[in-house]
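# Structural features, examined
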Protein chains: 2
Amino acid sequence: MRFIEGGITLVEGIRCSGIKEGKKGLGIIECSGNAAGVFTKNRIKAAPVLVTMENLKAGAIRGIIANSGNANAFTGESGIKNAKRMCEILAERLGCSWRKIVVASTGIIGEQLDVGWIESRAGVVFENLGSDRESSLAFAKSIMTTDTFPKEVAVEIGDAVITGVAKGAGMIAPNMATMLSFIFTDADFSGHDLKKMLIRAVDRSFNVTVVDGDTSTNDMVLLVSTGQKKVSREKFQRGLNSACINLAKQIAKDGEGATKLIEVIVEGARSDKEAFKAARNIASSLLVKTALFGNDPNWGRIIAALGYSGCDVDECISIAFEAGARVELVKRGEILDAHSEARKLLEKSKELKILVNLHKGNGKGYAFGCDLSYDYVRINAEYTT
Amino acid sequence: MRFIEGGITLVEGIRCSGIKEGKKGLGIIECSGNAAGVFTKNRIKAAPVLVTMENLKAGAIRGIIANSGNANAFTGESGIKNAKRMCEILAERLGCSWRKIVVASTGIIGEQLDVGWIESRAGVVFENLGSDRESSLAFAKSIMTTDTFPKEVAVEIGDAVITGVAKGAGMIAPNMATMLSFIFTDADFSGHDLKKMLIRAVDRSFNVTVVDGDTSTNDMVLLVSTGQKKVSREKFQRGLNSACINLAKQIAKDGEGATKLIEVIVEGARSDKEAFKAARNIASSLLVKTALFGNDPNWGRIIAALGYSGCDVDECISIAFEAGARVELVKRGEILDAHSEARKLLEKSKELKILVNLHKGNGKGYAFGCDLSYDYVRINAEYTT
C-alpha cells in the first residue's frame, strides 16, 4: 500500500466536475457501482441525508450531486422536494432513476435551497465532466465552504486504487461533522461489504477528528466500488483506513482558523476504548487548544483533560511533544524542566504530536484536532452576515 | 426569601480578610460550625481538595485558608505536605487542630506552591480579619484569578441569612470547574443535612454552568452553618438554590472574555433530565457561542446542537430570544422572518435568554453560559507566559 499523487478520477470510470460562484458551489460525479454510506448521528438530519439514506438502500448508484453554500437542513417538506429535485437534475442527464443518485449539501441551515441556481448551472457542470486531474480538483473545490484548501487522497493497493475527496473545516467533532467525503475504488466489493469496511474506517478516522465538538446535520461519507479488481478484504481495509485517516488529518489541519494540526496519541490505557476517549478529551479541550495556539506548553491542561475523561488515570502519567524532535514534559508523574525547549518546538511546528502514556495497561488510541485561534472566533462570529 | 446587599460577613461570627499581590492571593475566613463540601469530579484532584475532603469528614470546621495563583495540583507528596502546611498556618493562629481547617487553591497546575509566601503573608491577613463589608470584599478579591469582578451573594430567609462568595472565570463546565465557592448561613443544620441540600443546589446551579467545557482539578463548594437560627428545610433549600444560582450566573457572566450572559431555558422535553441535557448542549456549543458573540441570530446552530444532544427532538421546535423584549425565531418548526429584529436585540443585550420548546412533553431544564470571544482565546493562549 502506498500513497500516490492524484484525485478521485484515478479510479477508472469516474468522471466529475464542479463550479464555485461566490459562496455557492455545485459538483457532479458520474460513478457506476456498489455504494455504501455512513451518516451524521444528529437527530435533525438534513433533507439530502434523508434522501441519500433511502436511495442507498438498493446498494448501487450512478452518480453524485453536491452543493455548497446551503445545507438544505431544517427545511421541512420543501427541503425533501428540493433534495429529490437535485437527484432528478442529474438522473435526467444520466438517463437513470433519481433513486440511483446520491445528493449532498453543506452550508447554512434553515434556508430553502435555491434549486433554480442549481438547475441553471447543472448543464455546464455536466458538459465539463472529465477524468483528468483538473476535473477532480474542480469537484473538490466546488464543495468547499470555509475550507482553505481542497482535500484529496489516492492510495494504491496492488493493482487497485482507493481515491477520495472531502470537505470539512468547521463543526467537526467526534461522530462526524459538516463533513462530506466521497471515496472510490476499483476493487470489487458488494454494498454490504463496503458498508462494514467503511464503518470501521470512519470510526478510526473521521470520528476521532475534533475541530469544535459540534456535530452537523449534513455529514456523509460515501464509498463507491466501480471496478472489478480483486483485493483481499484485509488489504483493502488497511488501504481504506489509511485513505480516511489521511483525509481526516487534512480536515483537522484545515480546522477553521487552525494554525496547527494536533495528533494526540495515548498509550498505556486500560483498554483501547479508554485510550481513544482520553485522546479525544485532550483534542477537544478548549484550554489545551488555546494554549497550543499561544505556543504555551501548558501540560497541566492536558492532565486536567485526562482527569475528567472518565478514564482510569492517576498522577503517574508521561507526556511528550513531538514535531521532528521530541521533548518530554512529564515522565511517570515527574515534572521535567523542559518548558522553554517545548515552547521552541511549538513555535516552529505546524504539525504536533502529543504523546501520552497512562502506564495502566496496553490500550492505545488517538485523535486528530487543531488549535483554537482568534480566526476561529472571527469566522464563526461572522458566518451568516 | 429576598436578596440583600452585602457579603459573607452578614452571617454572624464570620470574620475574613485577604490580600492580592500580582497573581498571588491569600484569603482567610474564620468560621466555626458544621460544614459540608462538594468537590471536582476530575480524577486528578488537587492536593487541597484531597486534604479538605479528609478534614470535612468530622463535619465541623473552624476556618478556611485559600490561595490564588497556584492550584497545588499534580504536585505529588510535596503538594499534600504544602496543603497540610496551609492548614497548620491557620490552625496555629486559631488554636485548633489542622484537621478543622478547609484549604483551597486555584491557579496554575503542576508547580509547587510557594508556601513561604503564604507563611509570610498569613500574619497580616489574620490580623486584618474583620466582619465589615470591606473584609468580605477583600476575601472575594483575594481568590480571583482571571475573574474581572468579585462575586458575592446574600439572601435573607426569615430571621436567617445565607451568604456566599465565589471565583470562577475559565475552565467552568457542567460538573463544576476551577470554581471555588464558600457559602455560609446562621440557620442551624447538621453536616449531614447541609451536604444533602448542597448537593441538590449545586446540581442545579454550578453544575449547569458552562464556560468552556473543561473541568478543573480544584473545584470546591463549601457550605458552613455557624448559627442557631431555625429555618425549615424547604425554605432553606429554596434560599440556597437561589444563592447558588445567583453565584453561578455571576460566574457565567464573567466567563473568560465573555460579553454576554446566556441563559438557556428548555421546555417541552420528554423529561427534566433531557431538558437539562439539551440546554447544556446549546450552552456548550462553540458555534452557538461564537454566533452570539457576533450578534448573529444563527438559530440553525441551536437546532444542530439540539439534534446531537441525544434528546428526543424533531423539526417541530420553537426558539425565541429574550432580553427585555422577546423575539420569536422559529415557531413549531416554522421559520419566522425575524433575523434583523433578533440581531438588534443581540446587539444591545448583555444578558440573553434563549427559550426553546421541544413540544414533546413537560420536561423543563436550563443552563447558564456565555459567548466565546477573541478575548477568551487571548486570555488562554497567554496564561502561563
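As the structure is a computational prediction, the values presented were derived from the model and not from experiment. (Residues numbered from 1 in each chain as written. Chains lettered and ligands numbered in written order. Predicted model: local features only at pLDDT ≥ 70, side-chain atom pairs only at ≥ 80, totals over all residues. Heavy atoms only, no water.)

### Let's talk about the interface of chain B and chain A
With 56 residues of chain B at the interface, the matching set in chain A holds 56 residues. For the pair chain B and chain A, the summed buried surface comes to about 4600 Å²; carbon and sulfur atoms form 62% of the total. If you sort the residues of chain B by the area they bury against chain A, R43, F74 and Y374 of chain B come out on top, with a joint share of 16%. On the surface where chain B and chain A come into contact, there are two salt bridges. In this structure, R43 of chain B and D312 of chain A form a salt bridge, with 3.8 Å as the shortest nitrogen-oxygen distance. One can count 10 residue pairs in polar contact (both at pLDDT 80 or more) joining chain B with chain A. The residue inventory of the side of chain B that touches chain A, partitioned by class, reads 23 nonpolar, 20 polar and 13 charged. (Contact = heavy atoms within 4.5 Å. Buried area = accessible area lost by both parts, 1.4 Å probe. Salt bridge = Lys/Arg side-chain N within 4 Å of Asp/Glu carboxyl O. Polar contact = N/O pair within 3.5 Å; in protein donor to acceptor, adjacent residues only side chain to side chain. Nonpolar A, V, L, I, M, F, W, Y, C, P; charged D, E, K, R; others polar.)

### Overview of the relation of the copies chain B and chain A
Relating one copy of the chain to the other requires a rotation about an axis plus a shift along that axis. When chain B is brought onto chain A, the operation consists of a screw motion whose angular component is 180° and whose axial shift is 0.0 Å, with 0.0 Å RMSD remaining. The transformation relating the two chain copies, once decomposed into turn and shift, fits a two-fold axis. Considering only C-alpha atoms, the residue of chain B closest to the rotation axis is Y374 of chain B, which sits at 2.7 Å. (Least-squares fit on C-alpha atoms with pLDDT ≥ 70 in both.)

### Quick notes on the pattern of salt bridges
For the structure shown, the criterion picks out 46 salt bridges over all chains. Residue E263 of chain B is joined to K249 of chain B by a salt bridge in which the shortest nitrogen-to-oxygen separation is 3.2 Å. In this pair, E263 of chain B sits in strand β10 (residues 261-269) while K249 of chain B sits in helix α6 (residues 233-253), placing the two residues 14 residues apart along the sequence. Residue K249 of chain B is classed as partly exposed on the basis of its relative accessible area, which comes to 25%. Within this structure, R43 of chain A together with R270, D312, D314 and K360 of chain B form a network of salt bridges that share partners. (Helix = DSSP H or I, 4+ residues; strand = E, 2+ residues; numbered from the N terminus. Buried < 20%, exposed > 50% of the residue type's maximum accessible area, 1.4 Å probe, protein only.)

### Some words on the domain arrangement of chain A
Residue and element names in this part refer to chain A. Assigned domains of chain A: these are domain 1 (2-253) and domain 2 (261-381). Centre-to-centre, using C-alpha coordinates, domain 1 lies 32 Å away from domain 2. At the junction of the two partners, domain 1 supplies 15 residues and domain 2 supplies 15 residues. Between domain 1 and domain 2, a total of about 1400 Å² is buried, with carbon and sulfur atoms accounting for 61% of that surface. Applying the counting criterion to the domain 1 and domain 2 interface returns two salt bridges. Between E351 and K253 there is a salt bridge, with its nearest N and O atoms 2.7 Å apart. At the junction of domain 1 and domain 2, the tally comes to five residue pairs in polar contact (both at pLDDT 80 or more). (Domains from an automatic or database assignment.)

### Considering the confidence of the model for chain A
A low pLDDT means the predicted coordinates there should not be read in detail. All names here are of chain A. Residue-level pLDDT values for chain A average 91, and 95% of them are 70 or greater. Here strand β9 (residues 176-177) stands out as the least confident element of chain A, with mean pLDDT 42; helix α4 (residues 133-142) is the most confident, with 98. Predicted confidence is poor over residues 171-177, with pLDDT under 50, and the contacts of this stretch with residues over four places away or in other chains come to 48 contacts. (pLDDT = per-residue confidence, 0-100.)

### A few points about helix α1 (residues 47-55) of chain A
Restricting attention to buried positions, one finds in α1 of chain A the residues A47, P48, V49, V51, T52 and N55 of chain A. Against the buried residues of α1 of chain A lie β3 (24-39), α2 (76-94), β5 (101-108) and β11 (220-229) of chain A.

### Considering the environment of S216 of chain B
Following the sequence through the fold, S216 of chain B ends up in the loop between α5 (191-203) and β9 (220-229). Spatially, the C-alpha atoms of S216 of chain B and K41 of chain B are 8.5 Å apart, while their sequence positions differ by 175 residues.

### Focus on the sheet that holds strand β12 (residues 325-331) of chain B
Residue and element names in this part refer to chain B. Reading across from one edge, β13-β12-β11-β14-β10-β15 is the order of the six strands in this open sheet, with mixed pairing throughout. The sheet is open, and its two edges are formed by β13 (334-335) and β15 (363-370), each paired on a single side. In this structure, β12 lies alongside β13, joined through two bridges in antiparallel fashion. The partner of K331 across the bridge, within β13, is E334. Where α6 meets the sheet, its contacts fall on β10, β14 (351-357) and β15, and the angle it forms with β15 comes to roughly 45°. (Pairing = 2+ DSSP bridges. Axes fitted to C-alpha atoms, helices over the stretch in contact; angles between N-to-C directions.)

### A short note on the sheet that holds strand β12 (residues 261-269) of chain A
In spatial order, the strands read β15-β14-β13-β16-β12-β17 (chain A); together these six strands make up an open sheet with mixed pairing. The sheet terminates laterally at β15 (334-335) and β17 (363-370) of chain A, the two strands that pair on one side only.

### Digging into the nonpolar core
Counting residues in hydrophobic clusters, the biggest one holds 69 residues, and the most contacted among them are I302, F321, I354 and V356 of chain A together with I29, F182 and F184 of chain B. A total of six residues in this core trace back to one element, the largest contributor, which is helix α9 (residues 299-307) of chain A. In this structure, V356 of chain A is in contact with I265, V266, E267, I282, I302, L306, I317, S318 and I319 of chain A, ignoring residues within four places of it in sequence. Grouped together as the second largest cluster of nonpolar side chains are 67 residues, V49 of chain A together with V264, L292 and A305 of chain B included. (Core = buried A, V, L, I, M, F, W, Y, C linked by side-chain atoms within 4.5 Å.)

### Points about the packing of helix α2 (residues 76-94) of chain B against helix α3 (residues 115-127) of chain B
All names here are of chain B. Where α2 contacts α3, the axes come no closer than 11 Å and their chain directions differ by 25°. Here α2 is positioned roughly parallel relative to α3, judged by the angle of their axes. α3 is crossed by α2, and the crossing has right-handed handedness. Where α2 approaches α3, its residues N82, R85, M86, I89, L90, R93 and L94 are matched on the opposing element by V115, I118, E119, A122, G123 and F126. Residues belonging to the contact of α2 with α3 are distributed by class as follows: eight nonpolar, two polar and three charged. (Parallel < 35°, antiparallel > 145°, perpendicular 65-115°, else oblique. Left-handed = near helix turned anticlockwise from the far one by under 90°.)

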